[in-house]
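Read off the chains here:
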Amino acid sequence: MIDGTGKDPLENAVVLVEGQRIVNVGRADRIKIPAGFERIDASGLTVMPGLIDAHIHISGLISGNPLDWVVESGFTQIIRAVRQVESVLDAGVTTVRSAGSRYDIYLKRAIEAGTIVGPTILAAGLGICRTGGHPDLPQDILYVMPEELIRENHPRCMVCDGVEEIRKGVRKLINHGVDHIKIWLSGGDHWEKDRCGDVHFTKQEMETLVNEARMLRFRVMAHVENLRATKLAIEAGVDTIEHADDWEGNPSLDEEACSSIVEKNIILVPTVGCGMRSAEQSGAVTLPKNILDGYKLAAEMGVKFAAGSDTVWESSAPYGKFSVEEIEKMVSVLGFSPMDAIVAATKMAAGASGIADKVGTIEKGKLADIILVEGNPLEDIGILTERENIKSIMKGGKVVR
């Protein structure tokens with residue numbers, strides 16, 4: 001058993017589940033099994049917490065073409081999104097934290113009601129960006145389509161400009177039923193004027209967003225792709241920093257930023273697989289040195305890392321598979337040990353999602369989100385990326401596969 005805490009694995013382990021929760025854990029010779037418990041024989045398998053993807057967009061999209069985002073029927077997209085959440089759960093991912101989706105709140109409710117099968121969803125609803133921000137549509141599309149149509153159909157963002165629009169935007173999202181607030185604080189190189197090196201909101205705008213979220217005890221996740229944006233996010237008091245890279249070759253993280261991240265107990269979600277996709281498209285075999293150096297510095301200074309895939313559309317990032325490949329990338333690209341990568345995808349991802357008291361580890365009192373894996377991922381982390389190696393999935397005490 002790998003319990004997700006980072007402790008050494010436990011041989012010949014027993015996990016007792018009653019109802020939705022784990023009621024006891026330990027060695028077989030030290031656990032008394034009460035009469036009436038059903039036995040699930042995991043001999044020869046590895047028992048692990050259900051995996052968590054701390055950065056995913058359940059968009060219903062199959063294409064990265066921005067025109068498709070708003071022209072295609074929302075009914076078609078949400079039907080696809082149902083299949084996407086099924087695929088994520090089938091890969092052994094029992095919880096996801098949305099990073100912006102028009103449909104995540106409704107999918108969450110349908111899963112909770114038992115209408116469809118999928119992972120537990122922490123919903124962000126529509127993330128907040130500015131006019132011309134990273135997920136907004138490029139100018140050439142805006143010229144030929146009514147802006148109202150775009151705003152009403154965008155699959156993952158709402159546009160807010162200025163302090164008062166941000167204030168109202170956060171309040172609307174909370175009223176709509178989100179679990180946390182997402183903001184695109186920098187660009188991300190989707191088109192000419194969307195440069196990753198630019199900061200997209202002022203200090204006052206960012207502080208307003210965080211303060212509004214904090215008033216009702218909501219967490220904030222911030223997309224940042226340059227050091228200035230990262231430091232603004234830290235200063236404003238976000239809970240997680242997403243990406244923290246820099247594709248213009250500048251230092252992505254420095255000692256000052258890392259020290260503040262540790263001091264404020266902020267968690268970093270590097271989305272390595274997404275970065276590798278960009279690197280491979282430019283002909284590189286790994287991340288640029290400035291980005292790798294930043295992550296290495298962060299790890300050395302004690303920054304907490306959580307696994308998040310940044311899955312957005314199926315053509316380049318298959319749902320479920322891309323989530324578990326993120327764990328392998330943390331080992332092969334960042335140099336994490338398999339155990340540290342597993343902790344990033346369980347305990348730390350639960351912490352990033354604000355639910356570390358509920359899931360992420362196999363411990364007494366936690367929800368019984370458990371997977372049984374063929375082989376030992378501490379010896380070969382890549383076995384998690386093959387669905388046939390995930391032999392059984394339990395979510396909230398119920399075997400769902």
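In the block above lies the structure referred to throughout.
Here the structure is a predicted model, which is why all the values come from computation and not from measurement.

Criteria and cut-off values
Residues numbered from 1 in each chain as written. Predicted model: local features only at pLDDT ≥ 70, side-chain atom pairs only at ≥ 80, totals over all residues. Heavy atoms only, no water. Helix = DSSP H or I, 4+ residues; strand = E, 2+ residues; numbered from the N terminus. Buried < 20%, exposed > 50% of the residue type's maximum accessible area, 1.4 Å probe, protein only. Pairing = 2+ DSSP bridges. Contact = heavy atoms within 4.5 Å. Expected span 1.5 Å × (residues − 1). Phe/Tyr/Trp six-rings, centres within 6.5 Å; stacked < 30°, edge-to-face > 60°. Lys NZ or Arg CZ within 6 Å of the ring centre and 35° of its normal. Axes fitted to C-alpha atoms, helices over the stretch in contact; angles between N-to-C directions.

Draft legend 1. Seen up close, unusual backbone geometry. The backbone of H243 sits at a positive phi, close to 85 degrees, despite the residue not being glycine. Mapping H243 onto the fold places it in strand β11 (residues 240-243). Residue classification places H243 among the buried residues on the basis of a relative accessible area of 5%. A positive phi angle, near 60 degrees, is found at D310, a position not held by glycine. Checked against the element boundaries, D310 lands in the loop between β13 (304-305) and β14 (311-313). The buried category is assigned to D310, whose relative accessible area is 9%.

Draft legend 2. Representation of the sheet that holds strand β3 (residues 45-49). Taking strand neighbours across the sheet as the criterion, the four strands line up as β3-β15-β16-β17 in an open arrangement whose pairing is antiparallel. In the strand order of this sheet, the two ends are held by β3 and β17 (398-399), each with one partner. Inspection of the sheet shows β3 paired to strand β15 (residues 370-374) by five bridges, in the antiparallel sense. Across the sheet, residue L45 finds its bridge partner in β15, namely E374.

Draft legend 3. Examining the environment of A345 more closely. Note on placement: A345 falls in the loop between α13 (338-344) and α14 (347-352). Residue A345 is classed as buried on the basis of its relative accessible area of 1%. As for A345 and I52, which are separated by 293 residues in sequence, their C-alpha atoms are 5.3 Å apart. Sequence-distant contacts of A345, defined by excluding residues within four places in its chain, comprise L51, I52, A307 and I327.

Draft legend 4. View of the side chain of Q77. Relative to the helices and strands, Q77 resides in helix α2 (residues 74-90). Ignoring anything within four residues of it in the chain, the contact list for Q77 reads S59, G60, L61, D68, W69, E72, Y103 and P155.

Draft legend 5. The pairing of strand β4 (residues 51-61), seen in detail. For β4, the buried fraction is high: eleven of the eleven residues fall into the buried class. Bridge count for β4 against strand β5 (residues 93-98) is four bridges, and the pairing is parallel. Across the sheet, L51 pairs through a bridge with V93, a residue of β5.

Draft legend 6. A look at helix α7 (residues 203-215). Along its 13 residues, α7 runs 18 Å from first to last C-alpha, staying within 8% of the 18 Å computed at 1.5 Å per residue. Within α7 the residues assigned to the buried category are E205, M206, T208, L209, V210, E212 and A213. Trailing α7 by a residue or two, R217 shows a phi angle of about 60 degrees, which is positive.

Draft legend 7. Inspection of the packing of aromatic side chains at higher detail. Across all of its chains, the model carries two aromatic pairs by this definition. Taking the centre distance of 5.2 Å and the plane angle of 85 degrees together, the rings of F305 and F336 count as edge-to-face. Linking F305 in strand β13 with F336 in the loop between α12 (321-332) and α13, this pair joins segments that are 31 residues apart in sequence. Neither F305 nor F336 differs from the other in exposure class; each is buried. Sitting over the face of the ring of W184, K182 holds its NZ or CZ atom 3.9 Å from the ring centroid.

Draft legend 8. Main features of the sheet that holds β5. Reading across the sheet, the four strands line up as β6-β5-β4-β14 and stay open at both edges, with parallel pairing between neighbours. Bordering the open sheet on either side are β6 (120-122) and β14, each of which pairs with just one other strand. Between one strand axis and the next, the sheet turns by 30 degrees as a mean value, whatever way the strands run. Where helix α3 (residues 104-113) meets the sheet, it contacts β4, β5 and β6, and its direction lies at approximately 150 degrees from that of β6. Contacts from α12 reach β4, β5 and β14 within the one sheet, and its direction differs from that of β4 by about 145 degrees.

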